[in-house]
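# Observations on the model geometry
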Amino acid sequence: MEEISLSSEQVPSGEGNETEKERDGEKTELVVQNGLTQGRKEFVAPAVGMEFESYDDAYNYYNCYAKEGFKRIKDVNRLRKETRTGCPAMIRMRLVDSKRWRVLEVTLEHNHLLGAKIYKSMKKMGSGTKRKLQSNSDAEVRTIKLYRALVIDAGGDTQAIYNYLCRMQLTNPNFFYLMDLNDEGCLRNVFWIDASKSPWPVCVAGCGLLAGETSESYVWLFKAWVTCMSGRTPQTIITDRCKALQNAIAEVFPRSHHRFGLSHIMKKVPEKLGGLRNYDAIRKALIKAVYESLKVIEFESAWGFLIQRFAVSDHEWLRSLFEDRARWAPVYLKDTHFAGMSSSQPGETLNPFFDRYVHKQTPLKEFLDKYELALQKKHKEEALADIESRNSGPTLKTRCFFELQLSKVYTREIFKKFQFEVEEMYSCFSTTQLHVDGPIIIFLVKERVLGEGNRREIRDFEVLYNRAAAEVRCICSCFNFYGYLCRHALCVLNFNGVEEIPSKYILSRWKKDYKRLYIPDHVSNNVDGTDRVQWFNQLYRSALQVVEEGAISLDHYKIALQAFDESLNRVHNVEEKPEQLKI
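As the structure is a prediction and not an experimental result, all values here were calculated from the model.

Attention now goes to the sheet that holds strand 15 (residues 428-437). The strand order across the open sheet formed by four strands is 15-16-17-18, and the pairing between neighbours is antiparallel. Looking at which strands have only one partner, the edges of the open sheet turn out to be strand 15 and strand 18 (471-474). Neighbour-to-neighbour, the strand axes of the sheet open up by a mean angle of 25°, direction not taken into account. As paired elements, strand 17 (residues 456-466) and strand 18 share four bridges and run antiparallel to each other. When the sheet's bridge partners are listed, Leu464 is paired in strand 18 with Arg473.

And the structure:
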């Protein structure tokens, strides 16, 4: 795609003509004469997302704005001679698939004083041609068709968001949203959460749109989250490495564990280290240090070896990574419970949920439509997965008691992951006692693993076992990272004659009947006789359990619908005969 930049250079101004524009949907038409617009006193500033039908339209628009848009500064007493100042003011455009020129980047700040001057654009095109303003005495009149993408149309965006939020709240009384306006009353940030999409405490479908990636915006977003969660704060927060995010989390969630996503960091390795000599060797050494270190001393030793061997002690990105190591390196995070929300093995990634539906250039109105579609699709997929987990049993691959036990408990998706650990027990060929301290025994489990070049290597894993407390804990910390026991811990349990996994290691969130077993705190004798919000929440969650069960089959559906009809009739009878209501 052809791409150009228009930058400003001061030239003496002509007569001050005014501009006029007419709105036609999302299209604005500007009548231009001698490169200047006719009829109106204010001019819309160039902005990211604007589109023009031709390069000339874009070129003339930029110059018109330079003339009209910058004439507001009145405190310049005298004009200077024409000079070049290296002014950063510019716009960058690209010819897109629609055959229009779209503005990709805008810088309006100048490094010099501005008076009643017009700015001549100096630009570079792919063909190397340069064009000048039309300045002949014969007035050339033309119409510029300016297309403004919704993503930068503040008025349109605000209306689209407001319409969406109102519609969602009408259809779902549990829908919650907050809007943040600036001093001029324009929308700055917005946050919403749809309780109907995920009523269970495992996951909450919330979304925030921010004006910018600043600490101030993130602080507003996190405070909005706290408001909708009735003051409860998350135990663990996983984000990209971002100073603005880090500052905001420290302010709003000072007691939460803030961790950096390992997959985010490893994705940046080619970008940050690709230009180094011996890149392939550096990358392999980094992966080995990050993923194979089981103890802190091993990680720090491997990191020091990498730095020294490849002479990269002055590399800023590696230096900052090591300073932040306690927030991202798996060896430091073994006491943090992630329950599958963090990666600790090579190749594991946590793909953002909306990546399949939107991209950075998606207009806001389109985003809102796709956001709702994505949530509906995810909710449907989860409902179908729940039905499948309940109505069909998985195929067993071993004769291990643990596999049979959890095949009856886990959802299909989580059982497949646990089943792999059971299968890999057979790669662990030795389990021996290493140390005994009262009821606590330290075992050493040896495992054959695939090393570099697909060579088999033997690795040692220490596993703590306490029979009295029904506790088993492996140095790989699989349970804290993923929420289920690893092959090494299973080997120790099996070695000690344990036939069932202790209940503390079977998380409720992985159970196939979790939604049925999850009952909100709504004991009848604790109901507040005046709190209607509490009434609604309790009724809503109870009804939702019936909906979940009613979707299992046609018979379930018919019974659930009949129950709803009967309940509604009884409620109507209470409304018609209020004197019969007893408290």
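With numbering matched to this structure, UniProt assigns "domain: SWIM-type" (unreviewed entry) to residues 461-497. The distance from the first to the last C-alpha atom of residues 461-497 is 20 Å, and the span holds 38% helix and 27% strand.

Here we come to the pairing of strand 11 (residues 187-194). In terms of residue burial, strand 11 counts as a mostly covered element, since six of its eight residues are buried. Pairing analysis gives seven bridges linking strand 10 (residues 175-181) to strand 11, with the strands arranged antiparallel. Looking at the pairing, Phe175 lines up with Asp194 of strand 11. Two strands pair when backbone bridges link them, and strand 11 and strand 12 (residues 206-209) are joined in this way by four bridges, in the antiparallel orientation.

Once that is clear, we can look at the pattern of salt bridges. Applying the stated criterion across every chain, the model contains 15 salt bridges. One salt bridge connects Glu323 with Arg319, and the closest N-O pair in it is separated by 2.4 Å. Of this pair, Glu323 and Arg319 both sit in helix 9 (residues 316-323), separated by four residues, roughly a single helical turn. Taking the relative accessible area as the measure of exposure, Glu323 reaches 53% and is therefore exposed.

Moving on to the sheet that holds strand 10. Spatially, three strands are ordered 10-11-12 in an open sheet, and the strand pairing comes out antiparallel. The open sheet terminates on both sides in strands that have one partner only, identified here as strand 10 and strand 12. Strand-to-strand, the axes of this sheet are offset by a mean angle of 10°, without reference to chain direction. Its contacts with the sheet place helix 3 (residues 215-228) against strand 10, strand 11 and strand 12, and it is angled at close to 30° to strand 11. Here helix 10 (residues 364-391) sits on the sheet and contacts strand 11 and strand 12; the angle it forms with strand 12, its principal contact strand, is near 175°.

Before going further, it helps to examine the side chain of Arg487. Following the sequence through the fold, Arg487 ends up in helix 14 (residues 487-495). When near neighbours in sequence (up to four residues on either side) are disregarded, Arg487 contacts Phe420, Glu421, Glu424, Met425, Cys428 and Glu447.

A separate point is the pairing of strand 17. Note: strand 16 (residues 440-450) against strand 17, eleven bridges, orientation antiparallel. Paired with Arg448 across the strands is Ile458, a residue of strand 17. As consecutive antiparallel partners, strand 16 and strand 17 are separated by five residues, and within that stretch Gly453 has a phi angle of approximately 70°, a positive value. Counting the residues between successive antiparallel strands, the hairpin from strand 17 to strand 18 contains four residues, one of them, Ala470, with a positive phi of roughly 50°.

Approximately 410 Å³ is the volume found for the second largest pocket. In this structure, the second largest pocket is lined by 21 residues; those nearest its centre are Leu464, Arg473, Cys474, Ile475 and Ser477. Among the elements of the structure, strand 17, strand 18 and helix 13 (478-482) are those that each provide at least two residues to the lining of the second largest pocket. No other element matches the four residues that strand 18 contributes to the lining of the second largest pocket. Tallied by class, residues from the lining of the second largest pocket come to twelve nonpolar, three polar and six charged. Three or more residues apiece are contributed to the lining of the second largest pocket by two domains, here domain 2 (262-342) and domain 3 (401-510).

Take His258: it is sitting in strand 14 (residues 257-260). Through-space distance from the C-alpha of His258 to that of Pro234 is 9.7 Å; in sequence the pair is 24 residues apart. Ignoring any residue separated from it by four or fewer positions in sequence, one finds His258 in contact with Ile237, Thr239, Gln246, Ile249 and Arg327. Among the polar contacts listed, one links the side chain of His258 to the side chain of Thr239, at a separation of 2.8 Å.

Conventions and cut-offs
Residues numbered from 1 in each chain as written. Predicted model: local features only at pLDDT ≥ 70, side-chain atom pairs only at ≥ 80, totals over all residues. Heavy atoms only, no water. Pairing = 2+ DSSP bridges. Helix = DSSP H or I, 4+ residues; strand = E, 2+ residues; numbered from the N terminus. Axes fitted to C-alpha atoms, helices over the stretch in contact; angles between N-to-C directions. UniProt positions renumbered as here; feature names shortened; annotations may be inferred. Buried < 20%, exposed > 50% of the residue type's maximum accessible area, 1.4 Å probe, protein only. Salt bridge = Lys/Arg side-chain N within 4 Å of Asp/Glu carboxyl O. Contact = heavy atoms within 4.5 Å. 1 Å grid on protein atoms, 1.4 Å probe; cavity = no way out; pocket = protein on both sides within 12 Å on 5 of 7 lines; lining within 4 Å. Points joined across faces, edges and corners; volume = space filled by probe spheres on them. Nonpolar A, V, L, I, M, F, W, Y, C, P; charged D, E, K, R; others polar. Domains from an automatic or database assignment. Polar contact = N/O pair within 3.5 Å; in protein donor to acceptor, adjacent residues only side chain to side chain.

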